[in-house]
Amino acid sequence: MEFSSEPIVEFANADILQDDLLVLRNISFKIFKGEFVYLIGRTGSGKSSLLRTLYADLPLKKGNAKVAGYDLRTIQKKQIPHLRRKIGIIFQDFQLLNDRTIADNLFFVMKATGWKDTNKMKARVSELMMRVGLATLSNKMPHQLSGGEQQRIVIARALINEPLILIADEPTGNLDPEVADGIMRLFKEINKSGTAILMATHNHQFIEKYPTRVLKIEQGEILDSSKIVFDITNPSV
Amino acid sequence: MQRHKKTLGSYPSLMVMFSITMSLTVLGLFALILIHAGSFSRLIKENIEMNVYLNENISDSLRMEIESTLMRKRYTQSPEGKTQIRYISKEEANKIFVETYGEDFTKILSDSPLPASYVLKIHPEYSDSVNMRQIAAQIAQLPGVREVDYQEDLINKINNNIRTAGLILAVSAVVLIFVSVLLINNTIRLAFYSQRFLIRSMQLVGATRWFIQKPFLSRALIQGALSGIVSVLLLSGMLYIAYSELRELAELRQTEYIASVFASLIVLGGAIGFLSSYRAVHKYLNMSLDELY
């Protein structure tokens, strides 16, 4: 597979800290446009800290990192929102707002990220709802949707500003295998259109069924399947 | 099902409005008291008099000399530029005494012991004790003047009371504003806590800080100004009652000053709301939201 030369994510000799506690040391990796990368590692290994550093929620104090053209060492507070618009974030604790309809959930994000033209907003919402396969549900409330449908809406929300990369943390954690597989296929489709995806997961069946590059966090370091061979089914994962 | 949207920036507004209204009302009350005390003290100051008693058997030419000397002085001019000197002859002094006390010296003595005098109304600018003492000493030096007399204590008391009252009012106002700012801070903290998921969502999707704080600031500004309006209404009611109960008070009314106090209260309400919520919003936006949990 060929990628453009400029990586979307590039960490070089970076230390990841959480509350001044060193979680990962001296890590280096790159993610290019259109790549699909799994991030694995046992609970508490530092996956979330790495992802939080990636969208500038945790500061980078040592080493270098560039994400979507922004240097994480020198990024200014006012630039952070613009960085995040180039990253789609899909988290378990970042759910839909239950007090408004699906369409309003998407409008809310659009307004928050500087969309002004109502017609363009409506058009974008229908486009996204089609893309995640839920064209008819935009006037429903989140609680009227199944778990899988809600997760599709969360993905649609992440796609609003045409991000360069989607960061997903356990996106199928609460779903039954069949629905989870549907979500996984949606990610694959999005990936095919050029959006890079970094997915943290514990689901080894996915990795076997849809094999691609794997980053594994182990003992404060990152192992990269594109560079060395390791066993992803290690019971410690 | 009734939908209840969590609008960003909404918080228990009644509590905040109540506290701002209270502090503005007390502040406004202080200002109104100050205004009325000010015009009261000016009224008194403008009527402060100095008695210049003349020697017995003073010649008319010397008396006229004294009169013209006094007339030339600035302190005998009213603020409008009118000379405020009144001559009281021995006969007049006796008449006033008879009218006031009902006793007539001339019935017992061949002549009234009351001397002729000049009554000077002193310009308010010179009514402080230092100036009054200097003026009295100066006039006492004039040939033909027997004694100069004024109510030193009254002037001192008035000046001291106004200073003390002003100090107490200023300190109370500062304390009250501090309490309002503290309350707004706590209320916004509560608002941030109850809306932390919404704010977190906005941060994660890339909303700018301005977008997140805008609703808080505009609400605080409007609520502050509304509190100002409510306190102006309350104060107007109080003034109305006070004026109709105390007619003398109504004479001290200075409509322009009162109007500017009312306008300032509304502006101040908005400013207190805006600035303190700006401070609080910034504080909590800089905090990791996890710290709020």
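Residues numbered from 1 in each chain as written. Chains lettered and ligands numbered in written order. Predicted model: local features only at pLDDT ≥ 70, side-chain atom pairs only at ≥ 80, totals over all residues. Heavy atoms only, no water.

Would you take a moment to explain the interface of chain B and chain A for this structure?
Often, the extent of an interface is quoted as the loss of accessible area upon association of its parts. Listed as interface residues are 20 residues of chain B and, on the opposing side, 22 residues of chain A. Approximately 1,900 Å² of surface area, both sides summed, lies buried where chain B meets chain A, with 60% of it carried by carbon and sulfur atoms. Only α7 (196-205) and α8 (209-245) of chain B provide two or more residues apiece to the side of chain B that touches chain A. Per element, the largest residue contribution to the side of chain B that touches chain A is seven residues, and it comes from α7(B). When the residues that make up the side of chain B that touches chain A are grouped by side-chain class, the tally is seven nonpolar, seven polar and six charged. (Contact = heavy atoms within 4.5 Å. Buried area = accessible area lost by both parts, 1.4 Å probe. Helix = DSSP H or I, 4+ residues; strand = E, 2+ residues; numbered from the N terminus. Nonpolar A, V, L, I, M, F, W, Y, C, P; charged D, E, K, R; others polar.)

For this particular structure, what's the right way to read α7(B)?
Structural remark: α-helix, 3.6 residues per turn; residues separated by three or four positions point the same way. All names here are of chain B. Of all ten residues making up α7, nine are buried, and the element is well covered by its neighbours. For α7, the complete set of buried residues consists of R196, L198, I199, R200, S201, M202, Q203, L204 and V205. Looking one or two residues beyond α7, the residue adopting positive phi is G206, at roughly 95°. (Buried < 20%, exposed > 50% of the residue type's maximum accessible area, 1.4 Å probe, protein only.)

What is the right way to look at the pairing of strand β1 (residues 49-54) of chain B in this model?
Taken residue by residue, a regular strand's side chains alternate between the two faces of the sheet. All names here are of chain B. With burial as the criterion, only one face of β1 is covered, namely that bearing M50, V52 and L54; the residues E49, N51 and Y53 on the opposite face remain uncovered. Pairing of β1 with strand β3 (residues 117-121) involves five bridges; the strand directions are antiparallel. Paired with M50 across the strands is L120, a residue of β3. When β1 meets strand β4 (residues 145-150), the two strands line up antiparallel, connected through five bridges. Across the sheet, N51 pairs through a bridge with D149, a residue of β4. (Pairing = 2+ DSSP bridges.)

Would you mind showing me how to read a nonpolar patch on the surface here?
Where nonpolar side chains cluster on the molecular surface, the patch consists of L167(B), V171(B), V175(B), F178(B), V179(B) and L182(B) and spans about 570 Å² of accessible area. With respect to the secondary-structure elements, V179(B) resides in helix α6 (residues 152-194). (Patch = residues over 30% accessible without salt bridge, like charges linked within 9 Å, V, L, I, M, F, W, Y side chains within 5 Å. Areas by Shrake-Rupley, 256 points an atom, 1.4 Å probe, with all protein chains shown as cover. Salt bridge = Lys/Arg side-chain N within 4 Å of Asp/Glu carboxyl O.)

Please clarify how unusual backbone geometry should be interpreted in this entry.
Peptide bonds are trans in most cases, and residues, glycine excluded, mostly fall at negative phi. A positive phi is found at D19(A), a non-glycine position, where the angle reads about 50°. Inspection of the secondary structure assignment puts D19(A) in the loop between β1 (9-18) and β2 (21-31).

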